[in-house]
Amino acid sequence: MATTYVALDLETTGLDFRTDAIIEVGAVRFDGDGVRHRYSTLVNPRRPLPPRIQELTGIRDEELRQAPPLEAITQELEAFLHGAVIVGHNVVGFDVRFLDAASIRYGESLYDTFDLATLLLPGLTQYSLAALAAHFQIDFPVQHRALADAEATRDLFLALQEQALQLQPNVLGQVAQWLTPTAWPWRGFFPEVWEMAQASAPAGGRPFRLQPPTIAGPLSPRSRPEPVPVEQPLAVLASGQRQPEALPQFEERPEQQAMVRAVNEALNEGQRLLVEAGTGTGKSLAYLIPAACEALTNDRRVVISTATINLQDQLTGKDLPALRALLPDDSTELRACQLKGRRNYLCLRRFAALQASPSLSDDEAHIAARILIWLTQTETGDRGELRLTPAEETIWRRLSAEGADCSVNNSPFMVEGTCFLQRARRRAESSHIVVVNHSLLLSDIASEGRVLPPYDHLVVDEAHHLEEEATRQFGFTCRESEVAELLDRMEGLSPSLRGALGGADPLGPAGQITGTVDAVRRAARGTRSHHQELSRQLLAFLRQQAGGAAEQEPRLLITRGMRVQPDWSGVEMAWENLGLSLREALGLLDRLQAALSETGESGVVNSEMLLAEVDALRQEGQALVDGLAVALERDDPERVVWLERERGDGSLVVAWAPLHVDETLRTRLYDDRSSVILTGATLTSQGSFDYLRERLGLEDAQTLAMDSPFDFQGAALVLVPHDMPEPSQSDYLDALGRAIVDLARASAGRALVLFTSHATLRASHAFIREPLQREGIAVMGQGIDGSPRYLVRYLQSNPRSVILGTASFWEGIDVVGEALSLLIIARLPFTVPTEPVFAARSALYDEPFTQYAVPQATLRFRQGFGRLIRSKTDRGVLVVLDRRIVSKRYGSAFLDSLPGCSKREVMLREMPALVQQWLGPGEHTREVE
């Protein structure tokens, strides 16, 4: 009997099923022969419709007032859904929650096209209904209306069904076998497709098997490098004019040419070079082209390091392919790759062990199915191609190459050349350009070069992040929950192992290790009380030292003087007990690992997975013991140690960081390279590189600062109100909220507001949301209405919006065009003075505020301003609602750091008219008088 489906979509007043209401229902009933019936109705929610929902859907309040209430259509909707499998996009996480809240009955099977798409199409970056419709070339002209969305969902479901039918028979059969016994509501999808495949081609096709890729051999550097004439990279750059398909909208930029010359000279002469390249310079190609010319001429590798995923994706997905197209036809093929840490790559040996397991949990079955389908498509085995849930992240830890024995003797996948980690390293060894992130770059020097292949030249983009990342990499953080989770996992080994022992002889080697597992469990249980006692002692110490400020200021810098206080002895004693107990447990894990290794596969089912988990526990446990010992056992003037409380649940964190990183960077990163080039859009403070040169240990570096080619005088207006209260004054928050409302009205949304604290963001969000919604302007807050990526996409598609953001919005946000025309900075981005690392490093200066705090905040301020003007045709207004920028002597450092914008200090009431005038039609070339 053919399965009957109903593609369902609901439009609602908002995203919360507990407080929001359904406003439209669309459904399509269909089977293998086509559409049988359609159902569509508006629903009266008995409340006003928020402006952003009106704008999104086109539905108006007057339409809804004429519509039936939900209870009037419940019976006919239930009849329409009866006996059918419900198909919907995010139907499990959204639509059926609204049905449940309304007590509307439906069938047990729910086929979620979002979940199915993540399984069948792991390489996509977006899984929205619109993105998937575009991927399958599904006609989808009307969006965010229930029936149109339901029609598109039906077409998407059929396309996913066809996608599943294309899987090799052994893959499809295995996935169906894994998922059938689970509780996933779409578990019947793959068995259905398997039956369809068997009916159409019972014999099946060729089974899937991984094939080793062809990878070029390692580079062979010239013994005597040959200098690259500067004319060579300049000619490659100039060829962009003749190849618009490679570089659309290419134009000659003197700033880009100057950077090419400087980078080429640094590579030839073995220099250390700092290059600031303003927005629009084209800095990526300006260093990639000379780097490629050097690498191809001398067969010497260049490593490019970035801080953000966005820039890595731009380099590997856009700039490097364009560069290959620009290189002369007779040049050697430029080989480039992206390299990540071991935990990012799938270990095929561990995955094979998971496949061999006689039973899987629902989460294990889900990720196993995802990975098996993904293996038919991936070339890298990089987990970045998957969107893992938190539950899957835990399982991935046991499947990744982190800590795995990848020797040829121990892995058949190494022998046959299919091991993903081996592939990645071989590609890196054969590549002229290797793209990494700052974290991997620094972990390489921490491991004395065991991560990256040897390289002669280093380019660090987004270099202003290097000190921060080095501080994190060379430091330590232990959350209270991490120790508790470690102990949970130790206790969880017992049931896992008993299931794995299966029918093994209880008197043999495999059966005998149960005693060791039980000992681990007992040690973990006994350790809990010591962990709780240390947490109690640390919390008491923090409160005693911080006094009444402990709740408002949750961080405490541990100084030498504090360690001689009577209360610290209680901390030391509690740590001594916890340390002994943890070390005992780690010793038992060592014994367990040895026992599992000796039994091999002879008596333990899935021993490889168990070994992976035991090894991970050992490594994580040892890192916690070593890190806590450094923090709690001794005072080291070269380390900053602090306690803090998590803002969410108040749990404790013990952390430390190096006081200096400049010498480590100089001796272990720069000194081993022929040349080092650091670049970014914001490297200078008050027109000088001195601050960054000192922080990064590059006092002797050459420098080059280039302005952006954009006409900021005509593109950007900067407004500062001279009657704004200062942030420390009691009426600041009210004045801030009123100003944002008035400015957003004047700009018709199209606004981004940058904050330095989540508390101020939340207060402002509550203040401005209702008055702006009445004007039809949506207000979206980071951590309130969605993730940064979602909010940026929302602003791009719905310009009549105001986005409120904190840390991650100050840089890396790229909204070109009118969608972002107003940028509001609520407060100058100074670091909180009591932040432990900042406080400790400040103490090293004679004038910490002017020598350290102001330059650091100025760089951050410039990064924030960089969100406003992203192209030559952009036009916008920056409003700084912190009058310290003009009332304090140091304020000029911020204003002077901006490019040559039009700047005015005015009354608050004057700003909306000026914003409207600057952004209004016909005003694109005229300054405000």
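Summarised in this report is the structure supplied together with it. Every value quoted in this text rests on a predicted model; they were computed, and no experiment measured them. (Residues numbered from 1 in each chain as written. Predicted model: local features only at pLDDT ≥ 70, side-chain atom pairs only at ≥ 80, totals over all residues. Heavy atoms only, no water.)

1. Things to note about the overall build of the protein chain
Selection rule: The way it works is that DSSP assigns letters per residue, a run of H or I at least four long becomes a helix, a run of E at least two long becomes a strand, and they are numbered from the N terminus. In this treatment the radius of gyration is a C-alpha quantity, and the globule benchmark scales as 2.2 Å times the residue count to the 0.38 power. Any pair of residues with heavy atoms lying within 4.5 Å of one another is described as a contacting pair. Methods summary: accessible areas were calculated by the Shrake-Rupley approach with a probe of 1.4 Å, and residue burial reflects only the protein chains presented.
Within the protein chain, the regular secondary structure consists of 36 helices and 23 strands. Radius of gyration (C-alpha) of the protein chain: 30 Å, near the 30 Å computed for a compact globule of 929 residues. Expressed as a percentage of contacts within the protein chain between residues at least 6 apart in sequence, the contacts between residues at least 24 apart total 76%. When the accessible surface of the protein chain is summed, it comes to about 40,000 Å², and 48% of that surface belongs to carbon and sulfur atoms.

2. Here's the deal with empty space enclosed by the protein
Note the cut-off: Buriedness for pockets is judged along seven lines, at least five of which must meet protein on both sides within 12 Å for an open set on the 1 Å grid over protein atoms alone, while cavities are sets there where a 1.4 Å probe fits but cannot get out, and lining residues have an atom within 4 Å of a point. Grid points are joined across faces, edges and corners, and a volume is the space filled by probe spheres set on the points. Classification convention: Asp, Glu, Lys, Arg as charged; Ala, Val, Leu, Ile, Met, Phe, Trp, Tyr, Cys, Pro as nonpolar; all other residues, Gly among them, as polar.
For the structure shown, the criterion picks out three cavities of 30 Å³ or more. The computed volume of the largest cavity comes to approximately 100 Å³. Around the largest cavity, the lining residues are Cys 478, Arg 479, Glu 480, Val 483, His 531, Leu 534, Ser 535, Leu 538, Leu 578, Leu 628, Leu 652 and Val 654. Listing elements by their share of the lining of the largest cavity, those giving two or more residues are strand 11 (476–479), helix 21 (480–501), helix 23 (514–546) and strand 14 (652–658). A total of four residues in the lining of the largest cavity trace back to one element, the largest contributor, which is helix 23. Of the residues in the lining of the largest cavity, the class split is eight nonpolar, two polar and two charged.

3. Thoughts on the nonpolar core
Worth spelling out the cut-off: By nonpolar core is meant a set of buried Ala, Val, Leu, Ile, Met, Phe, Trp, Tyr and Cys residues that side-chain atoms within 4.5 Å join together. Each residue gets one of three labels from its accessible area relative to the maximum for its type: buried under 20%, exposed over 50%, partly exposed in between, using a 1.4 Å probe on protein chains only.
By size, the foremost hydrophobic cluster in this structure holds 145 residues, and its most contacted members are Phe 190, Leu 346, Ile 371, Leu 678 and Leu 878. Among the elements that take part in this core, helix 15 (residues 362–375) stands out by supplying nine residues, more than any other. Core analysis: the second largest hydrophobic core is formed by 50 residues, Leu 487, Ala 523, Leu 588 and Leu 617 among them.

4. Some details on the pattern of salt bridges
Here is the rule: By salt bridge we mean one thing: a side-chain nitrogen of Lys or Arg within 4 Å of a carboxyl oxygen of Asp or Glu.
Counted by the stated rule, this structure contains 52 salt bridges. Taking the shortest distance from any N to any O, the salt bridge between Arg 521 and Asp 518 comes out at 2.8 Å. Of the two residues, Arg 521 and Asp 518 both sit in helix 23, three residues apart, roughly one turn of that helix. As a salt-bridge pair, Arg 639 and Asp 636 come within 2.8 Å of each other at their nearest N and O atoms. Overall, the relative accessible area of 30% leaves Arg 639 in the partly exposed class. When salt bridges that share partners are traced, they join Asp 488, Glu 491, Arg 525 and Arg 528 into one network.

5. Remarks on the pairing of strand 22 (residues 876–880)
The cut-off we apply is this: Two strands qualify as a pair provided that DSSP identifies no fewer than 2 bridges between them.
Buried residues dominate strand 22, accounting for five of its five residues. Because side chains alternate across strand 22, one face comprises the buried residues Gly 876, Leu 878 and Val 880, and the other comprises Val 877 and Val 879, equally buried. The pairing of strand 17 (residues 716–721) with strand 22 spans four bridges and is parallel. Counterpart to Ala 716 in the pairing with strand 22 is Gly 876. Where strand 21 (residues 822–825) and strand 22 come together, four bridges link them in parallel fashion. The residue bridging Leu 823 from the neighbouring strand is Leu 878, located in strand 22.

6. Structural notes on the packing of helix 19 (residues 438–446) against helix 20 (residues 466–473)
In plain terms, the rule: Here an axis means a line fitted to C-alpha atoms, over the contact stretch when the element is a helix, while the angle between two N-to-C directions is reported on a 0 to 180 degree scale. Our angle categories are set so that under 35 degrees counts as roughly parallel, over 145 as roughly antiparallel, 65 to 115 as roughly perpendicular, and the remainder as oblique. Left-handed describes a crossing whose near helix is turned anticlockwise from the far helix through less than a right angle; right-handed describes the clockwise counterpart.
Between helix 19 and helix 20, the shortest axis-to-axis distance is 10 Å and the interhelical angle comes to 50 degrees. On the basis of their axis angle, the class for helix 19 and helix 20 is oblique. In this structure, helix 19 meets helix 20 at a crossing whose hand is right-handed. Judged by residue contacts, His 438, Ser 439, Leu 442 and Ser 443 of helix 19 engage Leu 466, Glu 469, Ala 470 and Gln 473 from helix 20.

7. Quick notes on the sheet that holds strand 8 (residues 336–338)
The strand order 8-9-7-10-15-6-16 describes an open sheet built from seven strands, whose pairing is parallel. Edge positions in the sheet fall to strand 8 and strand 16 (702–706), since each has one partner strand and no second. Going from strand to strand, the sheet's axes swing by 15 degrees on average, the running direction of each strand aside. Here strand 10 (residues 457–460) pairs with strand 15 (residues 675–680) via four bridges, running parallel. Considered in strand 15, the bridge of Val 459 is made with Ile 677.

8. Some details on the packing of aromatic side chains
Heads up, the condition is: Each pair of aromatic rings taken from Phe, Tyr and Trp, with Trp reduced to its six-membered ring, is defined by centres within 6.5 Å and is described as stacked if the planes are under 30 degrees apart, edge-to-face if over 60, and tilted in the remaining cases.
What the rule picks out here adds up to 27 aromatic pairs. Taking 5.9 Å as the distance between ring centres and 65 degrees as the angle between the ring planes, the aromatic pair formed by Phe 157 and Phe 189 counts as edge-to-face. Taken together, the residues span a long stretch of sequence, with Phe 157 in helix 7 (residues 146–165) and Phe 189 in helix 9 (residues 189–200) at a distance of 32 residues. Through a chain of ring-to-ring contacts, three or more aromatic side chains come together here, namely Tyr 5, Phe 30, Tyr 111, Phe 157, Phe 189 and Phe 190.

9. Considering the environment of Val 641
With respect to the helices and strands, Val 641 occurs in strand 13 (residues 639–645). Other than its neighbours up to four places away in sequence, Val 641 contacts Leu 556, Leu 557, Ile 558, Arg 563, Ala 631, Ala 655 and Trp 656.

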